[in-house]
Amino acid sequence: MNLNCKEYQHQITLFLYEELPEETVPGLQAHLLECGDCKSVFESEQALHSAFADDTAAWDVPSDLLVESRKALADELDRIEKKRSWWRMPAFSVVFTPMRLLESAALVAMGLALGVYISNQQFRAAPSVASNPATENQMSVMPSNGTLTNLQVVNADPATGQVELAGQVSQPMRFHGKMDDAMIRQLLFSALRDTNNPGSRLKVVEALSQKPTEEPIEEALINAMVFDDDSGVRMRAAEGLKPFASEQHVRAAFMHTLQNDDIPGIRIQAIDALIKHNPKDADLAKSLQEVTKKDDSPYIRNQVLQYVGTTR
């Protein structure tokens, strides 16, 4: 079976993380010898991968980190599998497959790990603030601009007065780079999954909408338009995808939004995009009639009626 360049580029990420099946490697290597574009993508991702590998040599990485990371990744995929079964529809199979979600989750995990370990390196360099020598080493890991949250008492021994606490430390960090930088994109995709901050996700969608012509960014916008819990984020993602409503997978995503989104304004964005960028399409007209026959928006029903009239 012949693969296209997009599929080979997906294999590159798996290959660098040693997750690509062995029988697939020769085909990828042969393609890289023939295709300059894919070779350039491979060299770029390999350079980023090597940079991370060089830095990790000085990190004190816990031995069980890989096990915990894989378990967390598996749990997240299970959660997505249970919550989002619609990606198995044929119209969405080119975009939302378990393997594609695995790749995205791997990028998110790498971005989070990067932040954790850079912070850990800075924590070790922070000056000690403890006066008790017994706790001096433990307290020295708290940075001056760090925030301690979710603090809990793990154990308290009344005989010795010893108390064991557990919590989470967060520290603000800044990154700078261009949208073309692989690391910047990975951090943006990671921020797009920040379920606690819709304002942050909205800013990410606005940034990605400046360059939506590239496939990974386009897919991130589709994911935001369909999945995000915040209506403002979904609305902005729909605006960014409008010019590409004639593409099969974007069109399918707009159809899903038109049928399922509970915000009329977002459904209006979807119907306007579909009609404007798919003129006189009889098949689309039939689908729109079926999807919108129970829609409570007079505007949407009227737009569909007018569109159906142009295809007769």
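Residues numbered from 1 in each chain as written. Predicted model: local features only at pLDDT ≥ 70, side-chain atom pairs only at ≥ 80, totals over all residues. Heavy atoms only, no water.

## A closer look at a nonpolar patch on the surface
The grouping of L148, L151, V153, V163, L165 and V169 at the surface amounts to a nonpolar patch, some 520 Å² of accessible area in total. Going through the elements one at a time, β1 (147–157) and β2 (162–170) are the ones with two or more residues in the nonpolar patch. Topologically, V153 is positioned in strand β1. Judged by relative accessible area, which is 57%, V153 ranks as exposed. (Patch = residues over 30% accessible without salt bridge, like charges linked within 9 Å, V, L, I, M, F, W, Y side chains within 5 Å. Areas by Shrake-Rupley, 256 points an atom, 1.4 Å probe, with all protein chains shown as cover. Salt bridge = Lys/Arg side-chain N within 4 Å of Asp/Glu carboxyl O. Helix = DSSP H or I, 4+ residues; strand = E, 2+ residues; numbered from the N terminus. Buried < 20%, exposed > 50% of the residue type's maximum accessible area, 1.4 Å probe, protein only.)

## Looking at the pairing of β2
The pairing of β1 with β2 spans eight bridges and is classified as antiparallel. For T149, the partnering residue across the bridge sits in β2 and is Q168. Count of turn residues in the β1/β2 antiparallel hairpin: four residues, of which G161 carries a positive phi of about 80°. (Pairing = 2+ DSSP bridges.)

## Considering the packing of helix α9 (residues 215–227) against helix α10 (residues 231–241)
One way to put it is that α9 packs onto α10 with a least axis distance of 8 Å and a crossing angle of 140°. Regarding the angle of α9 to α10, the classification is oblique. When you trace α9 past α10, the crossing you get is left-handed. In this structure, α9 uses E218, L221, I222, A224 and M225 to contact α10, whose residues at the interface are V233, R234, A237, A238 and L241. (Axes fitted to C-alpha atoms, helices over the stretch in contact; angles between N-to-C directions. Parallel < 35°, antiparallel > 145°, perpendicular 65-115°, else oblique. Left-handed = near helix turned anticlockwise from the far one by under 90°. Contact = heavy atoms within 4.5 Å.)

Remember that the coordinates give geometry; whether it matters functionally is a separate question.
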